[in-house]
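A look at the structure
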Amino acid sequence: MASNTFVSRRGSARKERRGASRGRAELGRQRTLVSPAQLARPRGRAVYWTVFALVIIVFTAVFLGPLYWMVTGGLKTTQEVVQSPPTFFPGSVHTENYSQAWNVMDLSKLLFNTLYYAFGALAFQLVFDVAAAYSLSKLRPVFGKAILGMMLATLMIPATVLVVPQYLTVLDVPVFQRNLVNSPWAIWLPSVTNAFNIFLLKRFFDSIPRELLDAASIDGASPLRTLRSIILPISRPILGVVSIFAVVGVWKDFLWPMLTLPDPSKQTLNVGIYSLASGVPENVLIAALTIASIPTLLIFLLFQRNIMSGLTAGGLKG
């Protein structure tokens, strides 16, 4: 009888220790920078919300301050733009600076050129990057992992290091013996080799269940038909992300278009504004920069939810 009592006591002690350790673990998982007890007090809530509001205000000022200065700078006079200290609000609003920038700097032509190069690069990336990612993910070629590793290794090479060999290649394309300067191919071809986009697409394709491809194969679908009818309709989120990256990448690029597009009639928006900057007043130049920034800002504001969903869509296996 005594032995049974001793065993029961030992069992209850073990259960108590397990419960205590489980409680400590749960408490550790719930531990935050501000404890719930402190947050429940009026002083703790006041300090918490004060710090939270200050952080929000500081980060908002850091990110939106340059945008505000650029937009309001295009509404000021030249003397007001260059004066020191600068004014926070325009003394008088001059909206004609934006129309003058549009006409004097021929922004409509530069905008059309940039859209032409951006959507051309997008078309090539969607064709070749999707094909490369699909073959690496589902077709599993020989040395596929080695090829993917070498592609990802190029991401560690600074872009400025590749400018000289790329420019020499564009001046005299091997085998074809063609000079691609002042040609849209000088923008389109280098943009196709985007290892980051291929990696994003491959990761998403890896999350697609293999059973879908096996079912399509049983029904007699070829790999190309499987890609067109099954993979691409499922991959709309990541295709949207790659499309946004492709357009914004060409839109914000400056050094490469400046080297390969010296003809003023074929320049992009950034290069055209830079080449004409010395002949216009500062307030008109700032207005032109504001106009050039609007499309990319709208893209991120409208599609930021799609970007985040597309980037995280391949994180879990379906």
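Heads up: these notes are all about the structure in this document. Please read all numbers here as calculations on a predicted model, not as lab measurements. (Residues numbered from 1 in each chain as written. Predicted model: local features only at pLDDT ≥ 70, side-chain atom pairs only at ≥ 80, totals over all residues. Heavy atoms only, no water.)

A count of helices and strands for the protein chain gives 16 helices and 0 strands. Looking at the 318 residues of the protein chain, the share that counts as buried comes to 30%. Pairs at least 24 residues apart make up 72% of the contacts formed inside the protein chain by residues separated by at least 6 positions. Within the structure as shown, the protein chain displays about 20,400 Å² of accessible surface, and the carbon and sulfur contribution to it stands at 68%. (Helix = DSSP H or I, 4+ residues; strand = E, 2+ residues; numbered from the N terminus. Buried < 20%, exposed > 50% of the residue type's maximum accessible area, 1.4 Å probe, protein only. Contact = heavy atoms within 4.5 Å. Areas by Shrake-Rupley, 256 points an atom, 1.4 Å probe, with all protein chains shown as cover.)

This paragraph deals with empty space enclosed by the protein. Overall, the coordinates contain 1 cavity of 30 Å³ or more when judged by the stated rule. In this structure, the largest cavity spans a volume of roughly 40 Å³. Along its surface, the largest cavity is lined by Trp69, Gly73, Lys76, Glu80, Val81, Pro86 and Ile286. Counting residues per element, the ones that place at least two in the lining of the largest cavity are α3 (42-73) and α4 (78-82). (1 Å grid on protein atoms, 1.4 Å probe; cavity = no way out; pocket = protein on both sides within 12 Å on 5 of 7 lines; lining within 4 Å. Points joined across faces, edges and corners; volume = space filled by probe spheres on them.)

This part takes up unusual backbone geometry. Backbone torsion omega between serine 84 and proline 85 reads 0°, so that peptide bond is classified as cis. In this structure, proline 85 sits in the loop between α4 and α5 (96-104). Positive phi values are uncommon outside glycine, yet aspartate 106 reaches one of about 50°. Of note, aspartate 106 is situated in the loop between α5 and α6 (107-139).

With 32 residues, α3 extends 44 Å from end C-alpha to end C-alpha; this agrees with the ideal 46 Å at 1.5 Å per step. The largest bend in α3 is about 45°, located at leucine 64, with the proline proline 66 one to four residues further on. Gly44, Met70, Thr72 and Gly73 are the residues of α3 that are buried. (Expected span 1.5 Å × (residues − 1). Bend = angle between axes of the 7 residues up to and from the residue.)

Moving on: the pattern of salt bridges. Tallying each qualifying case throughout the model produces 2 salt bridges. Linking lysine 202 and aspartate 206 is a salt bridge whose minimum nitrogen-to-oxygen distance equals 2.8 Å. Here aspartate 206 and lysine 202 lie together in helix α10 (residues 195-206), a separation of 4 residues that amounts to about one turn. (Salt bridge = Lys/Arg side-chain N within 4 Å of Asp/Glu carboxyl O.)

What follows concerns the packing of aromatic side chains. Aromatic ring pairs are defined here through the distance separating the ring centres and the angle between the ring planes. Per the counting criterion, the structure on display carries 15 aromatic pairs. Plain terms: the ring middles of tyrosine 48 and tryptophan 49 are 5.2 Å apart, the flat faces sit at 80° to each other, and that makes the pair edge-to-face. Put simply, the rings of Phe112, Tyr116, Tyr117, Phe124, Phe128, Trp185 and Trp188 touch in pairs and so form one group of aromatic residues. (Phe/Tyr/Trp six-rings, centres within 6.5 Å; stacked < 30°, edge-to-face > 60°.)

Here the focus is a nonpolar patch on the surface. A grouping of Val47, Val51, Val55, Val58, Phe59, Val62, Phe63 and Leu64 is seen on the molecular surface, where their side chains present a nonpolar patch of about 770 Å² in accessible area. Looking at the secondary structure, you find valine 47 in helix α3. Exposure remark for valine 47: the relative accessible area of 48% places this residue in the partly exposed category. (Patch = residues over 30% accessible without salt bridge, like charges linked within 9 Å, V, L, I, M, F, W, Y side chains within 5 Å.)

In this section: the layout of surface pockets. Unfilled space is identified by rolling a water-sized probe across the atoms. Here the largest pocket defines a volume of roughly 1,100 Å³. Taken together, 35 residues line the largest pocket, and the ones lying closest to its centre are Ala159, Pro190, Ser191, Thr193 and Asn194. Breaking the lining of the largest pocket down by element, the ones donating at least two residues are α6, α8 (163-171), α9 (185-192), α10, α13 (236-252) and α14 (255-260). Across the lining of the largest pocket, the residue classes break down as 22 nonpolar, 10 polar and 3 charged. (Nonpolar A, V, L, I, M, F, W, Y, C, P; charged D, E, K, R; others polar.)

Moving on to the environment of asparagine 194. Here asparagine 194 is to be found in the loop between α9 and α10. In sequence terms asparagine 194 and threonine 154 are 40 residues apart; their C-alpha atoms lie 9.3 Å from each other. The residues touching asparagine 194, leaving out its near neighbours within four places in the chain, are Gln125 and Asp129.

The next thing to look at is the packing of α6 against α9. Axis separation between α6 and α9 bottoms out at 9 Å; the angle between their running directions is 35°. In terms of crossing hand, the pair formed by α6 and α9 is right-handed. Where α6 abuts α9, its residues Tyr116, Tyr117, Gly120, Ala121, Phe124, Gln125, Phe128 and Asp129 lie against Trp185, Ile187, Trp188, Ser191 and Val192. The residue inventory of the contact of α6 with α9, partitioned by class, reads 9 nonpolar, 3 polar and 1 charged. (Axes fitted to C-alpha atoms, helices over the stretch in contact; angles between N-to-C directions. Left-handed = near helix turned anticlockwise from the far one by under 90°.)

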